[in-house]
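Understanding the architecture of this molecule
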Amino acid sequence: MPTRTIANKSIDVDAEGFMTNYKDWDLEVAKVLATEEGIAALNDRHLIVLNFMRKEFETKGDGPSIRKLTKESGVPTKELYELFPGGPAKKAAKIAGIKKPHGCI
Amino acid sequence: MKKFVILGAGTAGTIMANKLAGVLSRDDWSITVVDRDETHHYQPGYLFIPFGIYSPRDVVKPRRDYLPRGIEVVMAGIDVIEPEQNRVRLQGGRVLGYDFLIIATGARPVPAQTEGMLGDRWHKDVFDFYTLEGATALARRLKHWEGGRLVVNIVEMPIKCPVAPLEFSFLADWFFTDRGLRDKVEIEYVTPLPGAFTKPKASALLGDFLDKKRIKLAAEFATGSVDQGAKKIVSWDGREIGYDILVTVPTNMGDEAIARSGFGDELNFIPTDKHTLRSKVKDNIFVLGDATDLPASKAGSVAHFQADILFENILDAIDDRPPGAKFDGHANCFIESGFNKGLLIDFNYETEPLPGKFPLPGVGPFSLLEETKMNHYGKMMFRWVYWNLLLRGAELPIEAEMTMAGKRR
Ligand SMILES: Cc1cc2nc3c(=O)[nH]c(=O)nc-3n(C[C@H](O)[C@H](O)[C@H](O)COP(=O)(O)OP(=O)(O)OC[C@H]3O[C@@H](n4cnc5c(N)ncnc54)[C@H](O)[C@@H]3O)c2cc1C
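These numbers were taken from a predicted model, which means no experiment stands behind them. (Residues numbered from 1 in each chain as written. Chains lettered and ligands numbered in written order. Predicted model: local features only at pLDDT ≥ 70, side-chain atom pairs only at ≥ 80, totals over all residues. Heavy atoms only, no water.)

We now examine the overall build of chain A. Regarding its fold elements, chain A presents five helices and two strands. When the helices and strands of chain A are placed in sequence order, the string is β-β-α-α-α-α-α. Against the 2.2 N^0.38 benchmark of 13 Å for 105 residues, chain A shows a C-alpha radius of gyration of 13 Å, consistent with a compact globule. When the backbone C-alpha atoms are referred to their principal axes, chain A occupies close to 35 × 30 × 20 Å. Expressed as a percentage of its 105 residues, the buried residues of chain A come to 46%. Per element, the accessible surface of chain A, about 5400 Å² overall, is 51% carbon and sulfur. (Helix = DSSP H or I, 4+ residues; strand = E, 2+ residues; numbered from the N terminus. Rg over C-alpha atoms; globule rule 2.2 N^0.38 Å. Buried < 20%, exposed > 50% of the residue type's maximum accessible area, 1.4 Å probe, protein only. Areas by Shrake-Rupley, 256 points an atom, 1.4 Å probe, with all protein chains shown as cover.)

Take a look at the structure:
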């Protein structure tokens, strides 16, 4: 398992760059991960989504689907795609420091 | 007298009714099965209807003919399940109490979930083939079509039989080649997944098939709306794809009755233990088939494997023992690839589809992850197997638990 230094912290990630221990995450780490995903600055709306993802992961052990995000975080689908261009569920999971969502079969 | 109630008499509910009727003594148990209508549809057959290979007659049979004698069959809509009271309210007012409940209410396409899908051109230029009405309307349209852009689209995962839209695309390539129209038809496959399928090895292989058959792939396209006037689908992030005929697989959801009962997830699927198939709602409720929220394929073959496991666990539950059998996510799907050939994939929660021979290691007669004529015969034989063996809960020569024998990594 590769280890990276992000925001002066040593952090384990999987082959695709998803953090393997979500407890190592903080806002500084999120900012670096966001830049790597092409998101220059995190605003309040981003943070609502990231916090929802982390809460969901903590209770369910997996990231939420986009449908669940929309329904329960209150951020509409269209906005999710604007906030995290190119795939909100995956991208937001990466920046939120949780494992890659199992998603669909 | 103890009461067993099964909700839904589709693939899963019918199998379970047959299995349980065989072992539960009528002196001690009553079995009641509920479904909303009298006809059982062989849904895998919908795939062949648009191309005139099957007609509605081939896929619709009387439901009661496949249910065992000596049980009560109630034809009524399920209104709401009340786990705390151990009872189910039916539309029309009847209330059924139970000691054990199996929910097998399946999944269905819900086109209304997508903005613009149910416009004036629904079943005129925009079709689904996951319902008998959609598949027959599409058959009429394709019969006289002279060519243009055919877009095959999955709106959102999960869907039942996730290979069906690929099969549809392969068959369309064959159908238009056969009619001498292939050069006038552009086929594009539009999916929210990163590639042709969910599992990496199969996805790469099926992606090559799309190339070979000159079917364009648009991946990671999450459909947001349909613009029937401009004849295009628009993704949530603003990409647009134009069509002359759109064949879509709408969002698949569990039944409204699950939402009304208040325990479904965001798609009305029921939280279920992925190994024991016991619901997370209450210990005397079990869930089978497409109605579960399991990370397994939603397919008839899966419902069949699950039924073997659930049958054992229910006998345990009746004896007040913890459920002993574990479902491993086993799925086994024939993939029709056109020109009288087919593929076969076999996989579970842990192991992705691998090449090899099936079901007899080294012998077959079917080949895994390989295109053969024999696999096509398997697919066509499945209809007979479904009506005559599978629904009756008979033993098939395939174990519920996936095996690695005969497979190559
Ligand atoms: C186009 C297509 C192709 C497919 N191809 C294949 C294939 O090749 N191989 C394969 O293995 N599988 C295939 N499948 C999938 C397969 O048909 C399903 O996975 C299988 O039927 C699931 O069984 P089930 O019992 O869970 O649901 P269903 O068979 O759908 O049964 C659910 C039942 O519950 C009843 N019900 C639901 N809600 C209520 C209510 N509120 N009140 C009363 N009754 C209710 C319904 O009327 C229905 O009879 C295909 C499906 C489609 C659509």
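All names here are of chain B. Per the domain assignment, the segments of chain B are domain 1 (2–108 + 253–318), domain 2 (110–251) and domain 3 (332–390). Each of domain 2 and domain 3 has a C-alpha centre, and the two are 24 Å apart. Listed as interface residues are 16 residues of domain 2 and, on the opposing side, 17 residues of domain 3. Of the roughly 1400 Å² buried between domain 2 and domain 3 on both sides combined, carbon and sulfur atoms contribute 72%. Taking the shortest distance from any N to any O, the salt bridge between Lys 379 and Glu 167 comes out at 2.8 Å. (Domains from an automatic or database assignment. Contact = heavy atoms within 4.5 Å. Buried area = accessible area lost by both parts, 1.4 Å probe. Salt bridge = Lys/Arg side-chain N within 4 Å of Asp/Glu carboxyl O.)

Residues and elements named next belong to chain B. Taken together, 30 residues are adjacent to the ligand, and Thr 11, Ala 12, Asp 35, Ile 78 and Asp 290 come closest. In the model, a nitrogen atom of the ligand is placed 2.8 Å from a nitrogen or oxygen of the Ile 78 main chain. Interatomic distance of 2.9 Å between a backbone N/O atom of Ser 301 and an oxygen atom of the ligand. Burial of the ligand by the surrounding chains reaches 95%, relative to a free accessible area of 1000 Å². Listing elements by their share of the shell around the ligand, those giving two or more residues are helix H1 (11–23), helix H7 (300–318) and helix H8 (373–390). Broken down by class, the residue content of the shell around the ligand amounts to twelve nonpolar, ten polar and eight charged. Each of two domains, domain 1 (2–108 + 253–318) and domain 2 (110–251), supplies a minimum of three residues to the shell around the ligand. (Near = heavy atom within 4 Å. Polar contact = N/O pair within 3.5 Å; in protein donor to acceptor, adjacent residues only side chain to side chain. Nonpolar A, V, L, I, M, F, W, Y, C, P; charged D, E, K, R; others polar.)

Residues and elements named next belong to chain B. Within the secondary structure, Asp 265 sits in the loop between helix H6 (256–261) and strand S20 (285–287). With relative accessibility at 24%, the residue Asp 265 sits in the partly exposed group. Only 2.8 Å separates the side chain of Asp 265 from the backbone nitrogen of Leu 267, close enough to count as a polar contact.

Right, let's get into the side chain of Thr191(B). Along the chain, the position of Thr191(B) falls in the loop between strand S13 (185–190) and helix H5 (200–212). In this structure Thr191(B) touches Ile154(B), Leu217(B), Ala218(B), Ala219(B), Glu220(B) and Phe221(B), once residues within four positions along its chain are discounted.

For the rest of this paragraph, the subject is the confidence of the model for chain B. Per-residue confidence for chain B gives a mean pLDDT of 96, with 100% of residues at or over 70. Under the prediction, the complex receives an ipTM of 0.84, its pTM being 0.95. (pLDDT = per-residue confidence, 0-100.)

For the α-helix, the turn length of 3.6 residues means that residues three or four positions removed from each other point alike. All names here are of chain B. Taken as a whole, H8 carries its principal kink of about 40° at Trp 384. Every buried residue of H8 is listed here: Asn 375, His 376, Gly 378, Lys 379, Val 385, Tyr 386, Trp 387 and Leu 390. Two or three places before Met 374, at the opening of H8, Thr 372 has a side-chain oxygen 3.5 Å from that residue's backbone nitrogen. (Bend = angle between axes of the 7 residues up to and from the residue.)

Time to look at the packing of aromatic side chains. Residues and elements named next belong to chain B. Applying the stated rule across the entire model yields 21 aromatic pairs over all chains. Note on Phe 4 and Phe 100: the rings are 5.8 Å apart at their centroids and 25° apart in plane angle, and the pair reads as stacked. Of the two residues, Phe 4 is situated in strand S1 (residues 2–7) and Phe 100 in strand S9 (residues 100–103); the sequence distance between them amounts to 96 residues. Each of the two residues, Phe 4 as well as Phe 100, counts as buried. Ring geometry for Phe 48 against Tyr 54: centres 5.0 Å apart, planes inclined by 50°, an arrangement best described as tilted. The two residues Phe 48 and Tyr 54 agree in class, both being buried. (Phe/Tyr/Trp six-rings, centres within 6.5 Å; stacked < 30°, edge-to-face > 60°.)

Taken together, the contacts link 17 residues of chain B with eleven residues of chain A. Of the roughly 1300 Å² buried where chain B meets chain A, counting both sides, 58% is carbon and sulfur surface. When the buried surface of chain B facing chain A is broken down by residue, Trp236(B), Asp237(B) and Glu266(B) rank first, second and third, together holding 46% of it. On the surface where chain B and chain A come into contact, there are one salt bridge.

With that out of the way, let us pick up the sheet that holds strand S7 (residues 87–90) of chain B. Residues and elements named next belong to chain B. On the basis of which strands lie adjacent, the open sheet formed by three strands has the order S6-S7-S8 and antiparallel pairing. Looking at which strands have only one partner, the edges of the open sheet turn out to be strand S6 (78–82) and strand S8 (95–97). When strand polarity is set aside, the average angle formed by the axes of neighbouring strands in this sheet is 20°. With three bridges connecting them, S7 and S8 associate as antiparallel partners. Within the sheet, the bridge partner assigned to Val 88 lies in S8 and is Leu 96. (Pairing = 2+ DSSP bridges. Axes fitted to C-alpha atoms, helices over the stretch in contact; angles between N-to-C directions.)

Residues and elements named next belong to chain B. Taken together, the five strands give an open sheet; going across it, the order is S5-S2-S1-S9-S20, and neighbouring strands pair in parallel fashion. Looking at the sheet topology across the chains shown, the edges are occupied by strand S5 (72–75) and S20. Strand-to-strand twist in this sheet, taken as the mean axis angle between neighbours without regard to direction, amounts to 20°. As defined by bridge partners, S9 adjoins S20 across three bridges and the pair is classed as parallel. Along S20, the bridge assignment pairs Ile 102 with Phe 286. Strands in contact with H1 are S1, strand S2 (29–35) and S9; relative to S1, the strand with the most contacts, it is inclined by about 155°. On the sheet, H7 packs against S1, S2, S9 and S20 and is oriented at approximately 160° with respect to S9.

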